[in-house]
Every structure is written in structure tokens, then in C-alpha cells.
Amino acid sequence: MPALRQGDLWLRLLSAVTLIVIWQGGALFALLPGPVPVASALAKAVGSGRLPLDLAVTLWRVAASFVIAMTGGAAIGILMGRDRRVDVFFDLWLVLGLNLPALVIIYLCYIWGGLGEAACIIAVASSKLPNTAIILREGARAVDRELLQVADVLDLSWRRRLSQVYLPQLYPYFMAATRSGLAIIWKIVLVAEFLGRSNGIGYEINIYFQFSDMTNILAYTAAFVAVVLAVEGFGIRPLERRLTRWRA
Amino acid sequence: MSLDVAITRKVYRREADEVVALDDLRFLVAAGQFACLVGPSGCGKTTLLQIIAGLDRAFEGCVRRPEGKRLGMVFQTPRLMPWLSVRENVRLALDPPPPGDGRAEELLREMQLGPSLDAFPAQLSGGQQRRVALARAFVTDPELLLLDEPFQSLDAPTAQHLRELLLALWARRRPTIVFVTHDLREALSLGDRVLFLSRGPGRVVLDLPLDLPRPRSPDSAAVEALRKRLLESYPDLLRGLAASSAEESAA
């Protein structure tokens, strides 16, 4: 991660301003509502208390699916990376899981589990899980055996072996899986919501779509995107910097 | 406690082929002795150390080593954890590290690494990294210390400085040491005894006790004279053959 320099900051600002200008330009040609009406719709939706509630529900679903997909996917991926037989056995399943369209997974989960919260979260988590497994499998394959020998010689307890020697080698892979995972989950959770839930950002966007209310669609989208950027900027990037600060 | 090595056979399987790495390799190192192992590359020195350390258990024969977990090992490369600071790398060996324990810091300061305690390995020079690896092996006060060409590819003054450090620590705590090298001068300047190994599969071809007075430097006249004498009597010693020139001409 390159450090943020003064010049970069200006470039980023310029980039954001240019985007808004283009948006405004599009609004002049009546392609979409401009920034000002969207901002006021956003303020109204926040003021009514409805948007924060939907946002909270959606974020909870994102968080729950993310945790399930990361732990499950990491466990399977690491086992596959460590043991060739496990790898050969699950490889077909993994390819299948990777190529199963999210829409199919969502419908299957809703048919089996009913249009409930659990089915929604499981559907979103299973759409992401194979991707995590693939990334962590690469990580487990690349683990440095020489460093594990050091752990053997030092006769480390399994706890310290895991936390000081094994897992740090996988951190870059965890970070990659987190990045791509959030990107996938953000998108799929909205689909799962409008197909089977009666609240959340995806549900609301679908309602506004019925009324062709593009202003509110963009307002809800903007709120969601703002949260994504905040998580990236204040959560993932600082964490990544902390975990990789040893790289000279 | 002494180290008793009796390896009947160590075989590597490469696809269909079997490569014999060690064959009937036996020796005994007395407690507190500094033994150097010298042999041509590919004679199985590293394999031998891995077996003694218990990292490789797929061999025929047996190795009896000092009881307990107090084993220190220095590998050919420093093998530090890049994500741990210098201090944390050394404290890793103290499992679990007693709170407020200053052994790691004390040892590192003694090795002139005091200013780098909180640096990461990538910020250190090669010589400094090797010093950290030495400190990690020493901090547990091991009864058995295994070193696999620990000073190779270092410039001469740095290597000599580290040799002196090793000898100082050995003099103070008297661990049993097995020191692998391919540098005869280094072996003669460090050991109580030098074991010469044959070309692979490795066997002991010559067991040479040393009683040169210490301290000795690898460049000292005494070491050089001994090296010359050795190579005169055994011209092929460093290629793993201990047939004397007299026997050779007779044959």
C-alpha cells in the first residue's frame, strides 16, 4: 500500500469532483437525477429513520455472511492446501461451487429454508465461500516449510506455532480474500434481499424500482457506497498496513 | 549429556530411484564438546543435522541426544520470522516467555543489537540477521547446539566476529556443539575435534582430535600449519577421502 502523499490527495479530490461534474452533466441530459436532488432525498430518508434501519439490517447480513464465508472457506482452503488427497477430493466441488450462479444458490436456499433470515445469510455466504477457499488454498500451498522447521526445533506450543509462525504467512491471502469477499458479498446481498426479504437496502431499491423512482434508488445506493468506502478506508486499509508493516 | 549418533542408513526416494544419503554413520560427541563436521557438498551434512534435531525421523538407526527440549539450532539461512521484531524473534524461543524476562534483550545487547531490538529482520544486514539467529538459538541456554554453516557468505571480519561470539557463549555455558562447515580453516580454528565425512553417502572417514591452544584464529600460523600437514597426509580429505598419500602410491 503506497503511502498517501500530498499530491495523491489532490488527485483523489480532483477525481471525486470530476465524477460529480460528469454526474451533473448526465443530469442535464435527463439521463439520471443530479447530485442535488439525490442528496436531498438521502437527507429525507435518513431523517425519517427508515434508511438507517434498512442499512443496519443489510450490514448485519453482510457481516454474518462474511464471517461464515471467511471461516468456512479458510478452513476448507487451508486443509486442501496442506493435504493433496483432500485437495484432489474437493477440487471438483470447489469448481462447481465457483461456477454455480449466485442466483441459483439464492433460489435453492429460499426453497429449502423458506424466505427467512437464515436462508438469506447462508445463500450469500455460500456464494462467497468457494472463492475464499481458492485463495487460502494458494496461501497454504505457499507456506514456508523452513519456518515450520524452526517452530519444530523451538518446540512451540500449537497455539504459538499457529499465531506466530503459520497464520502470519497467510495474512496476505486473508487480506485478498477479505477484499474480494466484501466486493462479492456487497453485491449479492442486495439481490438476496429483493428476492426474499422484506427489509434492507436491496428490498427498498426494488420497491423504488416499481415506481421508477431513480432519485431514491440513487440515494439508497449512495448511502450504501459511503459505508463501503468507510469500511475500506477506516477498516481494511489500516488493518492491512498494520499486518504488513514489517515489509521494509 | 553426550550425543550418540548411530545411523545405519538414510535413503531419499526420488520417484522410482533410491538415493542413499547416509550410510553407517556413527560417532559420539561428549558433553560440552565442540565437534566440527567437514565434508564435500552433497555428503549429507544438512540431512544429518536434521536427523539429530529430530526434524527428519525417516531413517534407520538411532540418535540419542541430551534429554529435554533445550535444543538450539542455527540453519544455513537465518530463518527469522519476517513479521516479528528482533526482540520477538528471540523471545519466540522462550515458550512461554516468562513476563518481565530480560534474557532476550540482554543477549541481543551483548551481540551489539541493542539499537535494533524493535527492528524487523528486513531492516537488518545479513550479518545482523545471523546474529539474531544465533541469539535465538542461545537464549534457551541449550544443552545441544547444532549449527549448519552458520557464517557462510559473510565477509571475513563479520564471520570472525560471530565466531568469537559463539566461542564466548560456548566457554560460558558449555553446550555440546555440532558445527557443520565446508571450510577447513574454520573447523580447525573452532573445534575440539573435527570429523571428516566422505562424499555421499556420508560416512566418517577421519576423526581428528584437536588440542591447539585457544584462542586461535582461522588465519593464525598454527591453524595454517595444521591444515597444510593434514592436506599433505590426506590430499583428498576435502573431497571425502582419507586414504593417505603413502597408501595411495602403494595401491
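From a predicted model like this one, the values you see are computed outputs, not experimental measurements.

1. Here we look at the overall build of chain B
Across its full length, chain B holds 8 helices and 9 strands. At 19 Å, chain B has a C-alpha radius of gyration in line with the 18 Å of a compact globule built from 251 residues. Reported as C-alpha extents along the three principal axes, the dimensions of chain B are approximately 65 × 50 × 35 Å. Counting all 251 residues of chain B, 53% fall into the buried class. A sequence separation of at least 24 residues applies to 67% of the contacts in chain B between residues at least 6 apart.

2. Some remarks on the sheet that holds strand S4 (residues 60–64) of chain B
All names here are of chain B. Read from one edge to the other, the open sheet built from 3 strands follows the order S2-S1-S4, with strand pairing classed as antiparallel. Across the chains shown, the open sheet's two edge strands, defined by having one partner strand only, are strand S2 (17–29) and S4. Shown here is a sheet whose adjacent strand axes are inclined to one another by a mean of 20°, direction ignored. Pairing of strand S1 (residues 3–14) with S2 involves 11 bridges; the strand directions are antiparallel. Considered in S2, the bridge of Arg 14 is made with Asp 17. In this fold helix H1 (residues 45–53) packs onto S1, S2 and S4, with an angle of close to 120° to the strand it touches most, S1.

3. Side note on a nonpolar patch on the surface
Residue and element names in this part refer to chain A. Together, Leu 100, Leu 103, Val 104, Tyr 107, Leu 108, Ile 111 and Trp 112 make up an exposed nonpolar region whose accessible area comes to about 720 Å². Positionally, Ile 111 belongs in helix H5 (residues 102–113). In this structure Ile 111 comes out as exposed when scored by relative accessible area, which is 67%.

4. A few points about the sheet that holds strand S5 (residues 71–74) of chain B
All names here are of chain B. With respect to topology, 6 strands assemble into an open sheet ordered S5-S6-S7-S3-S8-S9, the strand pairing being mixed. Each edge of the open sheet is held by one strand with a lone partner, namely S5 and strand S9 (204–209). The sheet shows a mean angle of 15° between the axes of neighbouring strands, direction not considered. Of the strand pairs in this sheet, strand S6 (residues 144–148) and strand S7 (residues 176–181) are connected by 5 bridges, and their pairing is parallel. Residue Asp 148 lies in a different strand from S7, and its bridge partner there is Val 180. Along the sheet, H1 contacts strand S3 (34–38), S5, S6, S7 and strand S8 (193–197); its crossing angle with S6, the most-contacted strand, is approximately 155°. Helix-sheet contacts for helix H4 (residues 126–138) involve S5 and S6, and the interaxial angle to S5 is about 165°.

5. A look at the interface of chain A and chain B
Between chain A and chain B, the contact holds 18 residues from the first and 23 residues from the second. Taking both partners together, chain A and chain B bury about 2000 Å²; carbon and sulfur atoms supply 66% of that area. On the chain A side of the contact with chain B, Val 153, Leu 154 and Trp 246 of chain A bury the most area, a combined 33% of that side's loss. The tally of links from chain A across to chain B stands at 1 salt bridge. Between Arg 79 of chain B and Glu 146 of chain A there is a salt bridge; the shortest N-O distance is 3.4 Å.

6. So, the packing of helix H6 (residues 117–141) of chain A against helix H8 (residues 158–196) of chain A
Residue and element names in this part refer to chain A. Their axes nearest at 9 Å, the elements H6 and H8 cross at an angle of 155°. When the axes of H6 and H8 are compared, the pair comes out roughly antiparallel. By crossing handedness, the relation of H6 to H8 is classed as right-handed. Looking at the contact of H6 with H8, its residues break down into 16 nonpolar, 6 polar and 2 charged.

7. A closer look at the nonpolar core
Leu 48, Ile 52, Leu 146, Leu 166, Phe 179, Leu 188 and Phe 196 of chain B are the most contacted members of the largest nonpolar core, which has 130 residues in total. The element contributing the most residues to this core is H8 of chain A, with 12 residues. For Leu 48 of chain B, the contacting residues outside a window of four places in its chain are Val 5, Ile 7, Leu 22, Leu 25, Phe 27 and Leu 37 of chain B.

8. A closer look at the pattern of salt bridges
Evaluation of the coordinates by the stated rule reveals 28 salt bridges over all chains. Residue Asp 24 of chain B pairs with Arg 26 of chain B through a salt bridge whose shortest N-O separation is 2.8 Å. Here Asp 24 of chain B falls in the partly exposed class, since its relative accessible area comes to 38%. Of the charged contacts, one joins Asp 101 of chain B and Arg 103 of chain B as a salt bridge, the two residues approaching to 3.2 Å between their closest N and O atoms. When its relative accessible area of 16% is taken as the criterion, Asp 101 of chain B is described as buried. Taking the relative accessible area as the measure of exposure, Arg 103 of chain B reaches 37% and is therefore partly exposed. A single network of salt bridges, built from pairs that share partners, joins Asp 87, Asp 91, Arg 137, Glu 138 and Arg 141 of chain A.

Procedures and definitions
- Residues numbered from 1 in each chain as written.
- Chains lettered and ligands numbered in written order.
- Predicted model: local features only at pLDDT ≥ 70, side-chain atom pairs only at ≥ 80, totals over all residues.
- Heavy atoms only, no water.
- Helix = DSSP H or I, 4+ residues; strand = E, 2+ residues; numbered from the N terminus.
- Rg over C-alpha atoms; globule rule 2.2 N^0.38 Å.
- Buried < 20%, exposed > 50% of the residue type's maximum accessible area, 1.4 Å probe, protein only.
- Contact = heavy atoms within 4.5 Å.
- Pairing = 2+ DSSP bridges.
- Axes fitted to C-alpha atoms, helices over the stretch in contact; angles between N-to-C directions.
- Patch = residues over 30% accessible without salt bridge, like charges linked within 9 Å, V, L, I, M, F, W, Y side chains within 5 Å.
- Areas by Shrake-Rupley, 256 points an atom, 1.4 Å probe, with all protein chains shown as cover.
- Salt bridge = Lys/Arg side-chain N within 4 Å of Asp/Glu carboxyl O.
- Buried area = accessible area lost by both parts, 1.4 Å probe.
- Parallel < 35°, antiparallel > 145°, perpendicular 65-115°, else oblique.
- Left-handed = near helix turned anticlockwise from the far one by under 90°.
- Nonpolar A, V, L, I, M, F, W, Y, C, P; charged D, E, K, R; others polar.
- Core = buried A, V, L, I, M, F, W, Y, C linked by side-chain atoms within 4.5 Å.

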